[in-house]
There are 2 protein chains.
Amino acid sequence: MTADTADTADTGPPAGRRRGRRPAGEDTRAALLDAARAVFVEQGFDGATVRAIAGRAGVDAAMVNHWFGGKEGLFAAAMQIPVDPTVLVDEFLASGLDGLGERIVRRFLGVWDSTRGGALIGVIRSVSSHEQSARMMREFITKVLFGRLARGLGIDQPDMRAALCGSQIVGLAMVRYVIRLEPLASADPDTLAEAIGPTLQRYLTEKL
Amino acid sequence: MTADTADTADTGPPAGRRRGRRPAGEDTRAALLDAARAVFVEQGFDGATVRAIAGRAGVDAAMVNHWFGGKEGLFAAAMQIPVDPTVLVDEFLASGLDGLGERIVRRFLGVWDSTRGGALIGVIRSVSSHEQSARMMREFITKVLFGRLARGLGIDQPDMRAALCGSQIVGLAMVRYVIRLEPLASADPDTLAEAIGPTLQRYLTEKL
DNA sequence: GTATCTTTTCAACGTCCGTTGAAACAAGCG
DNA sequence: CGCTTGTTTCAACGGACGTTGAAAAGATAC
């Protein structure tokens, strides 16, 4: 399956590249990180293969071990959150309560739909079989984002509220990007923000 | 990883079972289905191995091929929905609009928390890397359950409403059973029905 | 009792995976 | 230039996986 990239056979360097150290300036570490982000997001941790990532980066699979110690290290390095969550939470809190839920949805969709931001989706795709991903998701929801947000609002049951918000956001990511269910998969961010924003608003601010 | 079952080595039948046909009455086909349900729910399609399933069922891995034609066939046979969705939809519609959202949440949690009903969770766990599972989820949401429900209510944008409900339900399953995020993972069904029910209610009945 | 069919186990095949070790090559330094 | 250091490719290893084919043995029909 997944017979899209050449994978195992050659990915032949166009008869040009020889062995040994390449001329400086070509940063293979960065190339690996970029390729890893793309492949992990598409396939999840288990589905992605080191050979496929290295092939997309145009280098040998052994480079993964050399630069990151192995597949796990590459995953951890590639799936770092691109935006500082502290800044994000402050931004949400500073804008006031009005329309908070819609702003959160809009922000998530903006990050996810952009090129760089698929990290969370890669983690979500990996969660099923990769305990480290499950831990990352838990900590992201309870500690990094929604937990801090609910606590910043100074309301009761912040952990439960964070978990509820997490359930709606994770579900949105699953249906839009993994399951690709229409019409939600192609809906524009404004429509989704209007539809789903009030849900988060209620989870965060109203009485449970 | 996942070094819980004996797996590859022996799973030695206690020096008792010999070759050849076993005495009738022991239905190995049913044993395989039970074991497959458990392992697919725990590990997802890719994570589950034919050897682990056969080991749990107490038979040889070759039986999977003999009875189901292969791993795919076993998955399809094991992940059939245990309750008739037509009956379910009729039941929801018959009870009226009042508290509909809460009833749906309660029904899902009841099925999921029971022994037999983890099929949907197995599918959700497999969705990331298994296109057949993604298709099953799409059809379940749009055609089998929420789509039919929204159409039965005779309201506008039934597809979008079904997808929104699907996003919340899939997210609930992910957070409660896969990511296992507290306090939601251990919350009792009543609490969750009160918290999440209104979300479905709004997605199904109120203006978007 | 003999022959036939079905079920089951066993051993093995081929494939793909992550990882490893050594060799080849470039760059920096004396 | 010779030596050292860091980077890259190559070939291979060991393991796990799904699947297969043949042999063994109970069940069934005659």
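On a predicted model such as this, the values are computed, not experimentally measured, just so you know.

Some words on the overall build of chain A
Working step 1: Tallying secondary structure elements over chain A gives 11 helices and 0 strands in all.
Working step 2: A total of 208 residues make up chain A; the buried ones form 40% of that total.
Working step 3: Here the contacts in chain A between residues at least 6 apart in sequence split such that 66% fall between residues at least 24 apart.

What to know about the interface of chain B and chain A
Working step 1: Across the contact, 35 residues belong to chain B and 35 residues belong to chain A.
Working step 2: For the side of chain B that touches chain A, the secondary structure elements donating two or more residues are helix H1 (28-47), helix H8 (131-144), helix H10 (158-178) and helix H11 (189-205) of chain B.
Working step 3: Sorting elements by how many residues they give to the side of chain B that touches chain A places H10(B) first, with 13 residues.
Working step 4: Looking at side-chain class alone, the side of chain B that touches chain A contains 18 nonpolar, 11 polar and 6 charged residues.

Structural notes on the relation of the copies chain B and chain A
Working step 1: The two copies are related by a screw motion: chain B maps onto chain A through a turn of 180° and a shift of 0.0 Å along the axis, at an RMSD of 0.1 Å. Classification of the inter-copy transformation places it as that of a two-fold axis. No C-alpha of chain B lies nearer the rotation axis than that of Gly171(B), which sits 1.8 Å from it.
Working step 2: Comparing interface residues between copies, 97% of those in chain B also lie at the interface in chain A; the contact surface is shared.

Quick word on unusual backbone geometry
Outside of glycine, negative phi angles account for most residues, and trans bonds account for most peptide bonds.
Working step 1: With omega at 5°, the peptide bond leading from Glu182(A) into Pro183(A) counts as cis.
Working step 2: Here Pro183(A) lies in the loop between helix H10 (158-178) and helix H11 (189-205).
Working step 3: If you check the backbone angles, Arg180(B) has positive phi at about 55° while not being a glycine.
Working step 4: Tracing the sequence through the fold places Arg180(B) in the loop between H10 and H11.

Some thoughts on the environment of Arg103(B)
All names here are of chain B.
Working step 1: Within the fold, Arg-103 resides in helix H6 (residues 100-113).
Working step 2: Exposure remark for Arg-103: the 18 C-beta atoms within 10 Å place this residue in the partly exposed category.
Working step 3: As a C-alpha pair, Arg-103 and Gln-201 span 98 residues in sequence and 9.9 Å in three-dimensional space.
Working step 4: Once you skip the residues sitting within four places of it in the chain, Arg-103 turns out to touch Phe-92 and Ser-95.

So, H1(B)
Owing to its 3.6 residues per turn, the α-helix brings residues three or four apart onto one side.
All names here are of chain B.
Working step 1: With 20 residues, H1 should reach 28 Å at 1.5 Å per residue; the first-to-last C-alpha distance of 22 Å falls well below that figure.
Working step 2: Remark: the principal bend of H1, roughly 85°, maps to Val-41.
Working step 3: Along H1, the residues classified as buried are Leu-32, Ala-35, Ala-36, Arg-37, Val-39, Phe-40, Val-41, Gly-44 and Phe-45.
Working step 4: Where H1 is buried, its residues meet helix H2 (50-57), helix H3 (62-68), helix H4 (71-78), helix H7 (119-126) and H8.

Comments concerning the nonpolar core
Working step 1: Grouped together as the largest cluster of nonpolar side chains are 118 residues, with contacts concentrated most on Ile53(A) and Ile53(B).
Working step 2: If we ignore the near neighbours within four places in the chain, the residues touching Ile53(B) are Leu32(B), Ala35(B), Ala36(B), Val39(B), Ala48(B) and Val64(B).

What about the environment of Ile124(A)?
Residues and elements named next belong to chain A.
Working step 1: Within the fold, Ile-124 resides in helix H7 (residues 119-126).
Working step 2: Take Ile-124: there are 25 C-beta atoms within 10 Å of it, and that puts it in the buried class.
Working step 3: Note: C-alpha distance between Ile-124 and Asp-34 (90 residues apart in sequence) is 18 Å.
Working step 4: Excluding residues that lie within four positions of it along the chain, Ile-124 makes contacts with Val-170, Ala-173, Met-174 and Val-178.

Considerations on the packing of H7(A) against H10(A)
Residues and elements named next belong to chain A.
Working step 1: Contact pair H7 / H10: the axes reach a minimum separation of 10 Å and the direction vectors enclose 90°. Judged by the inter-axis angle, H7 sits roughly perpendicular to H10. Residue-level contacts link Leu-120, Ile-121, Ile-124 and Arg-125 of H7 to Val-170, Ala-173, Met-174, Tyr-177 and Val-178 of H10.
Working step 2: Considering only residue class, the contact of H7 with H10 consists of 8 nonpolar, no polar and 1 charged.

Details of the environment of Val89(B)
Residue and element names in this part refer to chain B.
Working step 1: Note that Val-89 resides in helix H5 (residues 85-94).
Working step 2: For Val-89, a count of 18 C-beta atoms within 10 Å puts it in the partly exposed group.
Working step 3: Through-space distance from the C-alpha of Val-89 to that of Gly-152 is 8.6 Å; in sequence the pair is 63 residues apart.
Working step 4: Among residues more than four places away in sequence, those in contact with Val-89 are Leu-145, Arg-148, Leu-149 and Gly-152.

Rules used throughout
Residues numbered from 1 in each chain as written. Chains lettered and ligands numbered in written order. Predicted model: local features only at pLDDT ≥ 70, side-chain atom pairs only at ≥ 80, totals over all residues. Helix = DSSP H or I, 4+ residues; strand = E, 2+ residues; numbered from the N terminus. Buried ≥ 20, exposed ≤ 12 C-beta atoms within 10 Å, placed from the backbone. Contact = placed C-beta atoms within 7 Å. Nonpolar A, V, L, I, M, F, W, Y, C, P; charged D, E, K, R; others polar. Least-squares fit on C-alpha atoms with pLDDT ≥ 70 in both. Expected span 1.5 Å × (residues − 1). Bend = angle between axes of the 7 residues up to and from the residue. Core = buried A, V, L, I, M, F, W, Y, C linked by C-beta atoms within 7 Å. Axes fitted to C-alpha atoms, helices over the stretch in contact; angles between N-to-C directions. Parallel < 35°, antiparallel > 145°, perpendicular 65-115°, else oblique.

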